[in-house]
Amino acid sequence: MLTVSNNLKDSIKQGARQFKAIFIIHGEKYESSDKLLNFKIETAGEIFGASMRKLSFKILGARADFNEKMVKVGFGALVRENFEMMDLGEFFITEANINLETNTTEIIAYDRMVFTHKQFEPQLHNFPITVQEFAAQIANVCSLELLGEIENGNLEIPTNYFEKSQITYRDILKQIAQLSGSICLVSGGKLVFRKLKTQKISETLTDSELRKFKFTGEFKPANVLVLSRTPQEDNIYFPNELPIDKHQIKIENNEFLDKRRNETAERVFNAISGLSFSGVELSTIGLGYFEAGDRIAINAGGK
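Residues numbered from 1 in each chain as written. Predicted model: local features only at pLDDT ≥ 70, side-chain atom pairs only at ≥ 80, totals over all residues. Heavy atoms only, no water.

Engineer: Is there a simple way to think about the overall build of the protein in this case?
Structural biologist: Scanning the protein for helices and strands turns up five helices and 19 strands. Relative to the 2.2 N^0.38 estimate, which gives 19 Å for 303 residues, the radius of gyration of the protein is 22 Å and therefore close to what a compact globule would have. Projected onto the principal axes, the alpha-carbon positions of the protein cover approximately 60 × 50 × 30 Å. Residue burial in the protein is summarised as follows: out of 303 residues, 46% are buried. Considering the protein, the positive charge centre built from 37 side chains and the negative charge centre built from 40 side chains are found 3 Å apart. (Helix = DSSP H or I, 4+ residues; strand = E, 2+ residues; numbered from the N terminus. Rg over C-alpha atoms; globule rule 2.2 N^0.38 Å. Buried < 20%, exposed > 50% of the residue type's maximum accessible area, 1.4 Å probe, protein only. Lys, Arg positive; Asp, Glu negative; His and termini not counted. Charge placed at Lys NZ, Arg CZ, Asp CG, Glu CD.)

Shown next as structure tokens:
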């Protein structure tokens, strides 16, 4: 969750009537009271994946030159007599679509995770190396900085498992998230692996703070790990003595684990055992400080 003051949270939750958005693109400022017409941020958080935020917005003026520029995004609300802003981070513009009839530009941008959408370059990495060190190298290659320790980060990678594969750095980060029981995201401009098992409930949302929501399924506390080779379904289970009531997490074709599944199964199981959650899709009244991997409670709609 982004760091914001309780005053700003309370102002939004209590029905703040005045909001402000400020976008800065290549040194130019766009405000919601002027040339910034609308905007939307969408976040998709895949369990044991690499999450990325998408920003869509429209501005006055024809600005094709903004393509492949960075946009810095701030959003806030009136708190007492002043606007208090939250920093929503930087996004890289991938599309700038101009409408000459309305003299507007519709823009699509993504957070810094988009820089990992490049093919793995084996010549930039030396092995053996630990998972922690490899993740730091990936961050550096992708114009990011790794923040914090990764669960199972001391696992050694003896050789280059990806040398002959056509794989992106984001796909490799997903495999690191799997072995560490984490979700990978960009937070505060840094690359972070947020451990899901230990996340505490950060906030409880009610009907008044939600526009809409939908539960996408409940997962009971994990008690079985499956390391799988697909499509042949060559599976390794941990623990060896399986419980009668199984709630399994399945990791498929993870290169870090594949050739030593029996050796690594227990430490990966320890990272995910006991994890439980309910997936949810939701839209809020403007609570833009949540991030992928945050754990929230919902007391709404009779649930």
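Engineer: Is there a simple way to explain the packing of helix 2 (residues 131-141) against helix 3 (residues 169-180) in this structure?
Structural biologist: Helix-helix packing: each pair is described by the crossing angle between the helix axes and the interaxial distance. Where helix 2 meets helix 3, the closest approach of the two axes is 11 Å, and the angle between their N-to-C directions is 150 degrees. Taken together, the axis directions place helix 2 and helix 3 in an arrangement best described as roughly antiparallel. The crossing of helix 2 and helix 3 is left-handed. Across the interface between the two elements, V131, F134, A135, I138 and V141 of helix 2 pack against Y169, I172, L173, I176 and L179 of helix 3. Considering only residue class, the contact of helix 2 with helix 3 consists of 10 nonpolar, no polar and no charged. (Axes fitted to C-alpha atoms, helices over the stretch in contact; angles between N-to-C directions. Parallel < 35°, antiparallel > 145°, perpendicular 65-115°, else oblique. Left-handed = near helix turned anticlockwise from the far one by under 90°. Contact = heavy atoms within 4.5 Å. Nonpolar A, V, L, I, M, F, W, Y, C, P; charged D, E, K, R; others polar.)

Engineer: Sorry if this is basic, but what is going on with the side chain of E209 here?
Structural biologist: By secondary structure assignment, the location of E209 is in the loop between strand 13 (201-206) and strand 14 (210-219). If near-sequence neighbours (up to four positions away) are discounted, E209 is found in contact with K13, T204, T284, I285 and L287.

Engineer: Just to check I follow, could you spell out the pairing of strand 2 (residues 28-31) for this structure?
Structural biologist: For a regular strand, side chains alternate in direction, first toward one face of the sheet and then toward the other. Note: strand 1 (residues 19-25) against strand 2, four bridges, orientation antiparallel. Bridge pairing in strand 2 places I24 opposite K29. (Pairing = 2+ DSSP bridges.)

Engineer: Would you mind going over the sheet that holds strand 12 (residues 190-195) with me for this structure?
Structural biologist: Within a sheet, neighbouring strands are paired by backbone hydrogen bonds and run either parallel or antiparallel to one another. Ordered in space as 9-12-11, the three strands form an open sheet in which the pairing is mixed. Because the sheet does not close on itself, it has two edges, and the strands there are strand 9 (146-147) and strand 11 (182-187).

Engineer: Explain the environment of G274 here, please?
Structural biologist: Mapping G274 onto the fold places it in the loop between helix 5 (261-272) and strand 18 (277-284). Owing to a relative accessible area of 44%, G274 belongs among the partly exposed residues under this scheme. Once residues lying within four places of it in the same chain are set aside, the contact partners of G274 are P221 and A222.

Engineer: Any chance you could explain unusual backbone geometry here in plain terms?
Structural biologist: Most peptide bonds take the trans form, and the phi angle of most residues other than glycine is negative. The omega torsion of the bond from F127 to P128 falls at 5 degrees, within 30 degrees of zero and hence cis. Structurally, P128 is set in the loop between strand 7 (104-111) and strand 8 (129-130). Cis geometry marks the peptide bond from T230 to P231, where omega comes out at 10 degrees. Its place among the elements puts P231 in the loop between strand 15 (224-229) and strand 16 (234-238). Positive phi, normally seen in glycine, also occurs at N152, with a value near 65 degrees. With a relative accessible area of 10%, N152 lands in the buried category.

Engineer: Even after reading the chapter, I still don't get helix 5, so can you show me in this structure?
Structural biologist: Residue pairs three or four apart in sequence face the same way in an α-helix, which turns once every 3.6 residues. A rise of 1.5 Å per residue sets the reference length of helix 5, with its 12 residues, at 16 Å; its end C-alpha atoms lie 15 Å apart and thus fit the reference within 8%. Turning to helix 5, its buried residues number three or more, namely R261, T264, A265, V268, F269, A271 and I272. What you see down the axis of helix 5 is that its buried residues fit within an arc of 150 degrees, all on one side. Tucked inside the fold, the buried residues of helix 5 contact helix 3, strand 12, strand 15, strand 16, strand 17 (248-252) and helix 4 (255-258). In the stretch just after helix 5, G274 is the one whose phi turns positive, near 85 degrees. (Expected span 1.5 Å × (residues − 1). Arc of directions from axis to C-beta.)

Engineer: Would you mind going over the nonpolar core with me for this structure?
Structural biologist: As a rule of thumb, nonpolar side chains are buried together in soluble globular proteins. Judged by nonpolar contacts, the single largest core of 53 residues is most densely connected at F134, I172, I176, L191, F193 and F256. With near-sequence residues (within four places) excluded, I172 lies in contact with F120, F134, I138, F162, I167 and F256. (Core = buried A, V, L, I, M, F, W, Y, C linked by side-chain atoms within 4.5 Å.)

Engineer: Help me out: how do you make sense of the layout of surface pockets in this one?
Structural biologist: Empty pockets left among the atoms are what a rolling probe the size of a water molecule brings to light. Its boundaries defined by the atoms lining it, the largest pocket holds a volume of some 1600 Å³. Every residue lining the largest pocket is counted, 42 residues in all, and those nearest its centre are T43, V280, L282, F290 and E291. Per-element tally for the lining of the largest pocket: the top contributor is strand 18, with eight residues. Class assignment of the residues belonging to the lining of the largest pocket gives a composition of 22 nonpolar, 11 polar and nine charged. Of the voids in this model, the second largest pocket is the one considered here, and its volume is about 200 Å³. (1 Å grid on protein atoms, 1.4 Å probe; cavity = no way out; pocket = protein on both sides within 12 Å on 5 of 7 lines; lining within 4 Å. Points joined across faces, edges and corners; volume = space filled by probe spheres on them.)

Engineer: Which parts of the structure should I look at to understand the sheet that holds strand 4 (residues 52-60)?
Structural biologist: With antiparallel pairing, seven strands are arranged side by side in an open sheet as 2-1-5-6-7-4-3. Whereas interior strands pair on both sides, the edge strands pair on one side only; in this sheet they are strand 2 and strand 3 (36-44). Between one strand axis and the next, the sheet turns through 30 degrees on average, direction left out of account. Where strand 6 (residues 82-99) meets strand 7, eight bridges bridge the pair, whose relative direction is antiparallel. Bridge assignment links I93 to a residue of strand 7, and that residue is A109. Along the sheet, helix 1 (residues 6-13) contacts strand 1, strand 5 (70-79) and strand 6; its crossing angle with strand 5, the most-contacted strand, is approximately 75 degrees.

From the geometry alone we can't say anything about function, so treat these as descriptive.
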